[in-house]
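The primary structure of each chain is shown beneath.
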Amino acid sequence: MKSLNKILIGSLSIILVLSSYNGFSQAAEKGDLNVAVNYFITNNKVPQLMVKVNTKINGKFLNVGGINLKLFLDKDSTGTFIGNVITNEKGEATAYIPTSVKAEWATSSKHTFLATFDGNKKYAPARGDLTVAKAKILIDATSDKTVTASVFEMKDTTWTPVKGVDVVLAIRRMDADLTIDEKPTFTTDSTGKASGDFKRDSIPGDARGNITLVAKIVDNDQYGNLSIEKTVPWGNKFVPVNTFNERTLFATRNKAPVWILFIAYSIAVSVWGVLIMLVFNLFRIKKLGRDV
Amino acid sequence: MENSIVKEKIVKDVLPKNADSITEEKIIRDLLPQKFGKWGKIWVGVLVAICLIGMFAYYRQLRYGLVVTSMRDYASWGIYISNFVFFVAISLVGSLITAVFRLAGVKWSTPLTRIAEVIAVAAIIFASIIIIVDMGSPERFYFLILYGRVQSPIIWDVIVITTYFFISILLLYYPLLPDIKILLRFKENTGKRLYKFYSFIGSFWKGSHKQYLLNKKAINVLCITIIPVAFSIHTVTSWLFATTYRPGWDSTNFGAYFIAGAFLVGAGAVVVAMYVFRKADHLEKYITEDHFEKMGRILVLLSLLYLYFNVNEFLTPYFKMKESESAYLNGLFIGDFAHIFWFAILAGMILPIIILLFKKGRKPLPVFIVGVMVVVGAWFKRYLIVTPTLLHPFLPMHDVPANYRHYFPSWEEWAITMGSLAGVCLVITVLTRIFPIIPIQETLNEQHEIAK
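Nothing here was measured: the structure is a model prediction, and the numbers come from that model.

### What to know about the overall build of chain A
Tallying secondary structure elements over chain A gives four helices and 17 strands in all. For chain A, buried positions account for 21% of its 292 residues. When contacts within chain A are restricted to residue pairs at least 6 apart in sequence, those whose partners lie at least 24 apart make up 51%.

Structure representation (structure tokens):
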């Protein structure tokens, strides 16, 4: 029995030692990351890059946060360095193109943006790139409520109209943009223009009836994402009716309903009335004590 | 015949079992406030030391601002407010033991009334202090009075806390008057300073019939007044949360939920104090096993009631699991706050129910242990009411430093909180050094009633 125990203990010890030896275990495989670079330019101002990082786990794409990426313009070198970004919980990170790469930016009408990840304990190194041509978009609105967007591309040193680009003509709303009619996109003609009629007459605007029109190119293979806005007085004037101050105890001091104030003060006054009476009662007891 | 049986039963409930053998003189000597012994002095020394550390931390907070705390944009209420809610809750015991029991004709609670009143006064004092600590600069309290709007829940809180504090002082003072006369009689036990103090606050009490009637009437009025005020104070405290649209606070149930919890923690505090004073002052003849048995039953009832409210408060939202509340609820059930949440539920409610349902569990020591569990569980429960909600706003947190997403109190917050808890214990200790912890005159009256 004793020898059986010894064998058992010995076997268990060997199993434990072997199972804890790293040499027998495979090094965990590092995950692969997909890095996508997106280009945005709003109102023809400073271009912005948005990098999105995800990975595929069990057939599903999952966003990866906390990934440190280096962004470059055209080539991976010090003079073309745009900046370092770290992805958020949605796997996204954004950066404006800094003035430090202005010289490089001016050298060509087409550029490639690089996003590189050096790898970490969990993920292998990865990179993504995007090539875009310099372009701009303009918006015009006439009194007959026609909205026209014009798209131009930089060729050599001149802005040239571009034909065949899909443009969304829409109205900015709180959560999403609403197209100016039922048509989702309008295509530019040989003059680079795309026009549509505004058919949302009853849409509420601000207190003056102003609404914001937007013309945008979305995820275009050549130009990326471009958008431009214009404010027009085509909406219905919206004057919010708020009875909050008339019905609630939370209204500002002089606007609270009198009957609510009356109840609140009455309760406080009656309770404190009782307490004052009780303090007065103490003086009565004291007086009785003196009289005894 | 029936009346005499009832009277006999009341008398048995009221007095110690061997009451016949206790003379009036002996009762008074037993119940007079006692000087601190060696352990008493150590206890006071420790409490003072903790309070001093808390005061140093508060000095740092005043010197450098609220930045010394871990409270930031999201968790803008931390353990200060948890502690405030805890103190307000515990102070409600004054209305339960003194007022509700007195009005309901519960005679056996006589030896417990002063304990409850002292706890109520100490807790409400520190509830007021801790809310001023939470404001950061104390002059904000002055501005609150100067520019406060009666429409604001924080002003309701200021009004009800002040009112409740005042009532609690009166409810402690009025029943003390007859005892002060006794204390003045036993000058050799009190010392010069205390004698002067007793003379100042109660030398006018001669015990005449008219004085007795006025005193009795005042106590009755106080008992009636304190109940709605006590309900108001804690309902308003709950409304500080419930009037804010946030996950976990957006509940119509909050007033009743808070009051049920307050009565539970208050009763828990009383049984802890009962046990400690019984041991420290050798009051076994007055605070009997029967008192623990009865308080044990009350604790079971209150634990069941509070558990029921908790089921209501968490089970239905969990069943619906609205997207906007899911992060908050999962955080409580299985996330960052799960260990505190389940500790508060188990130690604060379920285990007390299981222990106290058995007769052996209602003996002094088990009841004391349960009382400690209830009080500790209740403190953490208040933390869970305040902080997780603030860390799970409806609109997601964007572009904030990582430490804004979590909250763990800084050492200054811990020191101030512990200082305030020690302060409550210190006030209770000092009050019991000055005044008899069991009402002497009422005990004597009941002795006479038995003798008849």
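### Comments concerning the overall build of chain B
Broken down by element type, chain B carries 18 helices and zero strands. Relative to the globule expectation of 22 Å for 452 residues, the C-alpha radius of gyration of chain B, 23 Å, shows essentially globular dimensions. For chain B, the C-alpha atoms occupy an extent of roughly 75 × 50 × 45 Å along the three principal directions. Across the 452 residues that make up chain B, the buried fraction comes to 45%. Long-range contacts, defined as pairs at least 24 residues apart, comprise 84% of the intrachain contacts of chain B with a sequence gap of at least 6.

### Considerations on the sheet that holds strand E7 (residues 110-117) of chain A
Residue and element names in this part refer to chain A. Strands sit in the order E5-E4-E7-E8 across an open sheet of four strands; the sheet is antiparallel. The two strands at the open ends of the sheet, each matched to only one other strand, are strand E5 (81-86) and strand E8 (126-133). Pairs of neighbouring strands in the sheet enclose a mean axial angle of 20 degrees, with direction left out of account.

### Details of the domain arrangement of chain A
Looking at the assigned domains, one finds that chain A contains domain 1 (34-133), domain 2 (135-232) and domain 3 (247-282). Centre-to-centre separation of domain 2 of chain A and domain 3 of chain A, based on C-alpha positions: 60 Å.

### Structural notes on the nonpolar core
Formed by 132 residues in total, the largest nonpolar core has its most connected members in Val93(B), Ile119(B), Ala267(B), Val270(B) and Val271(B). Among the elements that make up this core, the one with the highest residue count is helix H12 (residues 254-280) of chain B (18 residues). Excluding anything up to four places from it in sequence, Ile119(B) contacts Ile90(B), Val93(B), Ala269(B), Val270(B), Ala273(B) and Ile428(B). In this structure, Tyr39(A), Val147(A), Ala170(A) and Phe198(A) belong to the second largest nonpolar core, which totals 48 residues.

### A closer look at the environment of Ala170(A)
Residues and elements named next belong to chain A. Within the element layout of this structure, Ala 170 appears in strand E12 (residues 166-172). Among the residues examined, Ala 170 registers 23 C-beta atoms within 10 Å and is labelled buried. Ala 170 sits 88 residues away from Ile 82 along the chain, and the two C-alpha atoms are 32 Å apart. Setting aside residues up to four positions removed in sequence, Ala 170 forms contacts with Asp 177, Leu 178, Thr 179, Ile 180 and Val 214.

### Topic: the packing of helix H11 (residues 209-242) of chain B against H12(B)
Residue and element names in this part refer to chain B. One way to put it is that H11 packs onto H12 with a least axis distance of 8 Å and a crossing angle of 125 degrees. Comparing their axes, H12 and H11 come out oblique. Here the hand of the crossing between H11 and H12 comes out right-handed. Counting all contacts with H11, which are made through Phe 231, His 234, Thr 235, Thr 237, Ser 238, Trp 239, Phe 241 and Ala 242, the residues of H12 involved are Phe 254, Gly 255, Tyr 257, Phe 258, Ile 259 and Ala 262. Residue composition of the contact of H11 with H12, by class: nine nonpolar, five polar and no charged.

### Considering the pairing of strand E1 (residues 34-42) of chain A
Residue and element names in this part refer to chain A. Across the two faces of E1 the burial differs, with Val 35, Val 37, Tyr 39 and Ile 41 buried and Asn 34, Ala 36, Asn 38, Phe 40 and Thr 42 not buried at all. Linking E1 back to strand E2 (residues 48-57) in an antiparallel pair, the connection comprises five residues, with Asn 43 at a positive phi of about 50 degrees. Here E1 runs beside strand E17 (residues 224-232); their pairing, made up of three bridges, is parallel. Considered in E17, the bridge of Thr 42 is made with Ser 227.

### Some details on unusual backbone geometry
Despite not being glycine, Asp74(A) has its phi angle at roughly 70 degrees, a positive value. By secondary structure assignment, the location of Asp74(A) is in the loop between strand E4 (68-73) and E5. Here Asp74(A) falls in the partly exposed class, since 19 other C-beta atoms lie within 10 Å of it. In the Ramachandran plot, His282(B) falls in the positive-phi region, its phi being about 55 degrees despite a non-glycine side chain. Within the secondary structure, His282(B) sits in the loop between H12 and helix H13 (289-320). Taking the number of C-beta atoms within 10 Å as the measure of exposure, His282(B) has 11 and is therefore exposed.

### A few points about the interface of chain A and chain B
If you look at the interface, chain A gives 22 residues, while chain B gives 21 residues. Residue composition of the side of chain A that touches chain B, grouped by class: 16 nonpolar, two polar and four charged.

### What about the pairing of E17(A)?
Residue and element names in this part refer to chain A. Pairing of strand E16 (residues 211-220) with E17, which is carried by eight bridges, proceeds in the antiparallel orientation. Each bridged residue has a counterpart across the sheet, and for Thr 212 the counterpart in E17 is Thr 231. The antiparallel pairing of E16 with E17 creates a hairpin that spans three residues between the two strands.

Thresholds applied
Residues numbered from 1 in each chain as written. Chains lettered and ligands numbered in written order. Predicted model: local features only at pLDDT ≥ 70, side-chain atom pairs only at ≥ 80, totals over all residues. Helix = DSSP H or I, 4+ residues; strand = E, 2+ residues; numbered from the N terminus. Buried ≥ 20, exposed ≤ 12 C-beta atoms within 10 Å, placed from the backbone. Contact = placed C-beta atoms within 7 Å. Rg over C-alpha atoms; globule rule 2.2 N^0.38 Å. Pairing = 2+ DSSP bridges. Axes fitted to C-alpha atoms, helices over the stretch in contact; angles between N-to-C directions. Domains from an automatic or database assignment. Core = buried A, V, L, I, M, F, W, Y, C linked by C-beta atoms within 7 Å. Parallel < 35°, antiparallel > 145°, perpendicular 65-115°, else oblique. Left-handed = near helix turned anticlockwise from the far one by under 90°. Nonpolar A, V, L, I, M, F, W, Y, C, P; charged D, E, K, R; others polar.

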